Structure formats: structure tokens, C-alpha cells
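Summary of structural features
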Amino acid sequence: MILAMAKNPEHRDLFPGALEVMILQSLRFKPMHGYALVKHIKQVSDDLLQVEEGSLYPALQRMLKEGLLEVEAGTSAKGRPTRIYRLTNAGILHLEREVVSFNRMFAGITRVLATAKA
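Residues numbered from 1 in each chain as written. Predicted model: local features only at pLDDT ≥ 70, side-chain atom pairs only at ≥ 80, totals over all residues. Heavy atoms only, no water.

Once that is clear, we can look at the side chain of E20. Here E20 shows up in helix 1 (residues 18–29). Buried charge without a salt bridge: E20, with R62 as the nearest opposite-charge side chain at an N-O distance of 4.8 Å. Not counting residues within four places of it along the chain, the set of residues in contact with E20 comprises M63, E66, L68 and H94. (Helix = DSSP H or I, 4+ residues; strand = E, 2+ residues; numbered from the N terminus. Buried < 20%, exposed > 50% of the residue type's maximum accessible area, 1.4 Å probe, protein only. Lys, Arg positive; Asp, Glu negative; His and termini not counted. Salt bridge = Lys/Arg side-chain N within 4 Å of Asp/Glu carboxyl O. Contact = heavy atoms within 4.5 Å.)

So, on to a nonpolar patch on the surface. The grouping of F102, M105, F106, I109 and L113 at the surface amounts to a nonpolar patch, some 450 Å² of accessible area in total. One can find F102 in helix 4 (residues 89–117). (Patch = residues over 30% accessible without salt bridge, like charges linked within 9 Å, V, L, I, M, F, W, Y side chains within 5 Å. Areas by Shrake-Rupley, 256 points an atom, 1.4 Å probe, with all protein chains shown as cover.)

Turning to helix 3 (residues 53–65), a few remarks are in order. With 13 residues, helix 3 should cover 18 Å at 1.5 Å per step; its first-to-last C-alpha distance of 19 Å lies within 8% of that length. Listed in full, the buried residues belonging to helix 3 are S55, L56, A59, L60, M63 and L64. The buried residues of helix 3 occupy one face: seen down the axis, they fall within an arc of 165°. Summarising the geometry of helix 3, the exposed residues directed more than 90 degrees from the buried face are G54 and K65. (Expected span 1.5 Å × (residues − 1). Arc of directions from axis to C-beta.)

Among the nonpolar cores identified, the biggest contains 21 residues, and I23, L27, L60 and L69 are the most heavily contacted of them. Listing elements by their share of this core, those giving two or more residues are helix 1, helix 2 (34–44), strand 2 (49–51), helix 3 and strand 4 (81–87). Here I23 is in contact with L37, I41, L56, A59, L60, M63 and L69, once residues within four sequence places are set aside. (Core = buried A, V, L, I, M, F, W, Y, C linked by side-chain atoms within 4.5 Å.)

Moving on, we come to unusual backbone geometry. Not every positive phi belongs to a glycine, and D46 is a case in point at roughly 55°. As for its position among the elements, D46 is in the loop between helix 2 and strand 2. Notably, D47 is not glycine yet its phi reads approximately 65°, a positive angle. Classification of D47 by relative accessible area gives partly exposed; the value is 40%.

Looking now at the packing of helix 1 against helix 3. For the pair helix 1 and helix 3, interaxial distance at closest approach is 10 Å and the crossing angle is 75°. Of the possible angle classes, the one that applies to helix 1 and helix 3 is roughly perpendicular. For the pair formed by helix 1 and helix 3, the contact residues are L19, E20, I23 and L24 on the first element and S55, L56, A59, L60 and M63 on the second. Grouping the amino acids of the contact of helix 1 with helix 3 by side-chain chemistry returns seven nonpolar, one polar and one charged. (Axes fitted to C-alpha atoms, helices over the stretch in contact; angles between N-to-C directions. Parallel < 35°, antiparallel > 145°, perpendicular 65-115°, else oblique. Nonpolar A, V, L, I, M, F, W, Y, C, P; charged D, E, K, R; others polar.)

On to the pairing of strand 4. Both strand 3 (residues 69–75) and strand 4 contribute to a ladder of seven bridges, which runs antiparallel. Pairing of T75 across the sheet is with P81, part of strand 4. Count of turn residues in the strand 3/strand 4 antiparallel hairpin: five residues, of which G79 carries a positive phi of about 85°. (Pairing = 2+ DSSP bridges.)

The structure is reproduced here in C-alpha cells:
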């Protein structure tokens with residue numbers, strides 16, 4: 001759905017907020033248009049994570065409204081007009097909070113999995 005495990009035949013969705021974190025982290029390093037974000041996440045994850053464009057653009061609009069992103073007019077590699085998304089200072093702060101939260105959640109899951117093996 002929003003962010004799926006591409007190699008898993010069940011196409012499991014990841015945790016709520018995963019798409020937002022992936023977008024913010026990707027834009028932290030350089031501004032990109034939507035299709036470039038999809039390609040970037042897929043490439044960086046070694047084709048493990050797949051973002052559907054139908055989920056990406058509503059998420060981008062939501063983050064624009066929340067002030068986490070800003071947008072400017074740009075031109076794609078093929079010379080077409082496009083919207084380039086850039087992280088705002090509020091977006092950076094939000095990302096940092098989300099990463100801390102994710103790390104806590106991951107540590108808890110890891111402890112539960114370790115206990116289940118014992």
C-alpha cells in the first residue's frame with residue numbers, strides 16, 4: 001500500500017509513518033521531485049522498499065500543509081515542469097524526533113524477538 005516490501009510476495013505494509021520518514025530522510029540530503037523520491041527510496045533500499053506514487057503525492061501534500069516541506073517550480077531531466085520538494089527546518093526537527101521514536105520502537109521489537117527465541 002503506502003510503503004511495501006517489494007521482494008515479499010505478500011507486499012506487507014510497514015509501520016505507520018514509515019513513508020513520511022523515508023521522504024524526509026531522502027530530502028534531507030537533496031531536494032527532489034516526486035518520481036525521483038520513488039526511485040531514490042527503491043534504489044537506496046536495494047529494491048526492498050517500494051513506494052506507490054498514488055500514496056506518495058497525498059503524503060507530500062500533507063507534509064506541505066504541516067510545514068515540513070516547501071515546494072518550488074523546477075524542470076525534470078526530460079525538460080518538463082515539475083515540483084521540487086525541499087525539507088524545511090520544521091521538517092528536520094520532525095524527522096529527528098521520528099528517528100528517535102523509531103529507534104526506541106525497533107529496540108523494543110528486537111528485545112521481544114530475542115525473548116521469543118529463548
